[in-house]
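Okay, here's what each chain looks like letter by letter:
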Amino acid sequence: MAKVFGLGSEPVVGSLTPSKKRDYRVTNRLQEGKRPLYAVVFNFIDSRYLNVFATVGGNRITVYQCLEGGVIAVLQSYVDEDKDESFYTVSWASNVDGAPFLVAGGINGVIRVIDTGSERIYKSFVGHGDSINEIRTQALKSSLVISASKDESVRLWNVHTGICILIFAGAGGHRNEVLSVDFHPSDIYKIASCGMDNTVKIWSMKEFWTYVEKSFTWTDLPSKFPTKYVQFPVFNASVHSNYVDCNRWLGDFILSKSVDNEIVLWEPKVKDQTPGEGVVDILQKYPVPECDIWFIKFSCDFHYNQAAIGNREGKIFVWELQSSPPVLIARLSHPQSKSPIRQTAVSFDGSIILSCCEDGTIWRWDDVTNVPPA
């Protein structure tokens, strides 16, 4: 297990005094239903639909569009045939021909792939032995998605062919629920996962890449594909002392959070001779007060300039990611927003921030810094 220490310097902690670099105002609040909303995500996969977002809550997946003047238009809604399904996660992906897909999963452990163009279920993936906590899309190859599950595994899927290509689990795998997973932004072979065993693991697909390529040309039944197990990560880190429920790459660094009121930025220093081992250099900390319950996830704009995270009191903290010390861009609060915010979504350029809440509401905040008063 990687040892944690600052290489000759203490981590830099951001100040909770907002810089007011951006001024966000609530422009809309929607009550989607009674059930908690666990995920909200903008479509960064297709430049035609950058202002389109999706939410999941209960057995429903809804697609919306952000219009001018704070307007939110409902475009599509899908209700799962199983009324007891509770979706926890949703991600935008695409078919090999570029058609936009939505990929969602939750308590049932079934992944639904929806073709938003034809408004039909394109495929359903059965394989995970328990609920699915997060799904992420490979931005460089957007018909590849990874799923993190309560069954202690991470799976790599080809949404075009319906094939489960790789399963990251086994001797060196997670020892409890996997809560979050992310593809490296530029190294197509690398993923990071984290979970209830308090660890963050980095995995490499390099030696299995021929199977990834084979999944695109496979013509036999998906069940006959030679799915491979990846049993050992290339790096194993204990950065947190409790559940780790969200991790995202920031270049070659990792942003991760647990239940201790902060996001941590750290560098994994992998030792090539001894896979799985190495050291962790903790670089920065972004405080988030009242963020001490699990399953609260942060999100970033397309270029990872800022991260937005909600807390259990309905407030949002917007951090500038790439400044040192970290700068709090804004702290967003509204008298009516009191429910825990499970996830936020930051628009492509950071001008809109969405939050989805335990009470079934969606909030829209717009940057009004450069907007002249009406």
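Worth saying up front: this structure is predicted, and the values here are computed from it rather than measured.

Draft legend 1. Just the UniProt feature "repeat: WD" (unreviewed entry) in the chain, in detail. UniProt annotation of "repeat: WD" (unreviewed entry) refers to residues 125-167 and 171-206 when read in the numbering used here. Helix makes up 0% of residues 125-167 and strand makes up 56%, while its end C-alpha atoms are separated by 14 Å.

Draft legend 2. Representation of the state of the cysteines within the structure. Within this structure, the stated rule accounts for 0 disulfides. The thiol of Cys246 is not disulfide-bonded; the next cysteine sulfur, from Cys194, is found 6.9 Å away. Using a relative accessible area of 0% as the deciding quantity, one classes Cys246 as buried.

Draft legend 3. How the structure looks around unusual backbone geometry. Pro325 follows Ser324 through a cis peptide bond whose omega is 0 degrees. Here Pro325 shows up in the loop between strand S27 (316-320) and strand S28 (327-332). Even without glycine at this site, Asn261 takes up a positive phi of about 60 degrees. Along the chain, Asn261 turns up in the loop between strand S22 (253-257) and strand S23 (262-270).

Draft legend 4. Spotlight on the packing of aromatic side chains. Within the structure shown, the criterion is met by 16 aromatic pairs. Taken together, a centroid distance of 6.0 Å and an interplanar angle of 90 degrees make the contact between Phe44 and Phe348 edge-to-face. In this pair, Phe44 sits in the loop between strand S4 (37-42) and strand S5 (52-57) while Phe348 sits in the loop between strand S29 (341-346) and strand S30 (352-357), placing the two residues 304 residues apart along the sequence. A centroid spacing of 4.9 Å and a plane angle of 10 degrees characterise the contact between Phe125 and Trp157, whose relative ring orientation is stacked. Here Trp157 lies in strand S14 (residues 154-158) and Phe125 lies in strand S11 (residues 120-126), a separation of 32 residues in the sequence. Summarising the burial analysis for this pair, Phe125 and Trp157 share the class buried. Every member of this aromatic cluster is reached through a ring pair, and the members are Tyr38, Tyr88, Tyr243, Trp294 and Phe295. The ring of Phe295 has Lys297 lying over it, and the distance from NZ or CZ to the ring centre is 4.7 Å.

Draft legend 5. The sheet that holds strand S16 (residues 178-183), seen in detail. With respect to topology, 4 strands assemble into an open sheet ordered S16-S17-S18-S20, the strand pairing being antiparallel. Sheet topology places S16 and strand S20 (235-237) at the edges, where each strand pairs with a single neighbour. This sheet shows a mean twist of 15 degrees between the axes of neighbouring strands, independent of strand direction. Looking at chain direction, strand S18 (residues 200-204) and S20 are connected through 3 bridges and run antiparallel. By the bridge assignment, Ile202 is partnered in S20 with Phe235.

Draft legend 6. The arrangement of the pattern of salt bridges in detail. In this structure the tally under the stated criterion is 17 salt bridges. A salt bridge links Asp182 to Arg136, with the nearest nitrogen and oxygen atoms 2.9 Å apart. Of the two residues, Asp182 is situated in strand S16 and Arg136 in strand S12 (residues 132-137); the sequence distance between them amounts to 46 residues. With a relative accessible area of 4%, Asp182 lands in the buried category. Here Arg136 falls in the partly exposed class, since its relative accessible area comes to 22%. Close ionic contact of Lys269 with Glu267 constitutes a salt bridge, the shortest N to O distance being 3.4 Å.

Calculation notes
Numbering of residues begins from 1 in every chain and follows the order in which that chain's sequence is written. Where totals are concerned, whole chains, interfaces and linings use all residues; where local detail is concerned, this predicted model gives features only for residues with pLDDT of at least 70, and gives and counts side-chain atom pairs only at 80 or more. To get the side-chain values, all heavy atoms of the structure are used, and hydrogens and water are removed first. UniProt positions are given in the numbering used here, feature names are shortened, and annotations may be inferred rather than shown by experiment. Helix numbering and strand numbering both begin at the N terminus, where a helix is a DSSP run of H or I of at least 4 residues and a strand a DSSP run of E of at least 2. Disulfides are defined in this document as cysteine sulfur pairs within 2.5 Å. Remark: exposure states derive from per-residue accessible area (1.4 Å probe, protein chains only) relative to the maximum for the residue type, with buried under 20%, exposed over 50%, and partly exposed in between. Aromatic rings from Phe, Tyr and Trp, with only the six-membered ring used for Trp, were paired whenever their centres fell within 6.5 Å, and each pair was classed as stacked if the ring planes differed by under 30 degrees, edge-to-face if by over 60, and tilted otherwise. Cation placement over rings: the criterion is NZ of Lys or CZ of Arg within 6 Å of the ring centroid and within 35° of the ring normal. Note: two strands are recorded as paired if DSSP finds a minimum of 2 bridges between them. Where helices are involved, their axes are fitted lines through C-alpha atoms of the stretch in contact, as for all axes, and angles between N-to-C directions lie from 0 to 180°. What makes a salt bridge here is a side-chain nitrogen of Lys or Arg within 4 Å of a carboxyl oxygen of Asp or Glu, nothing more.

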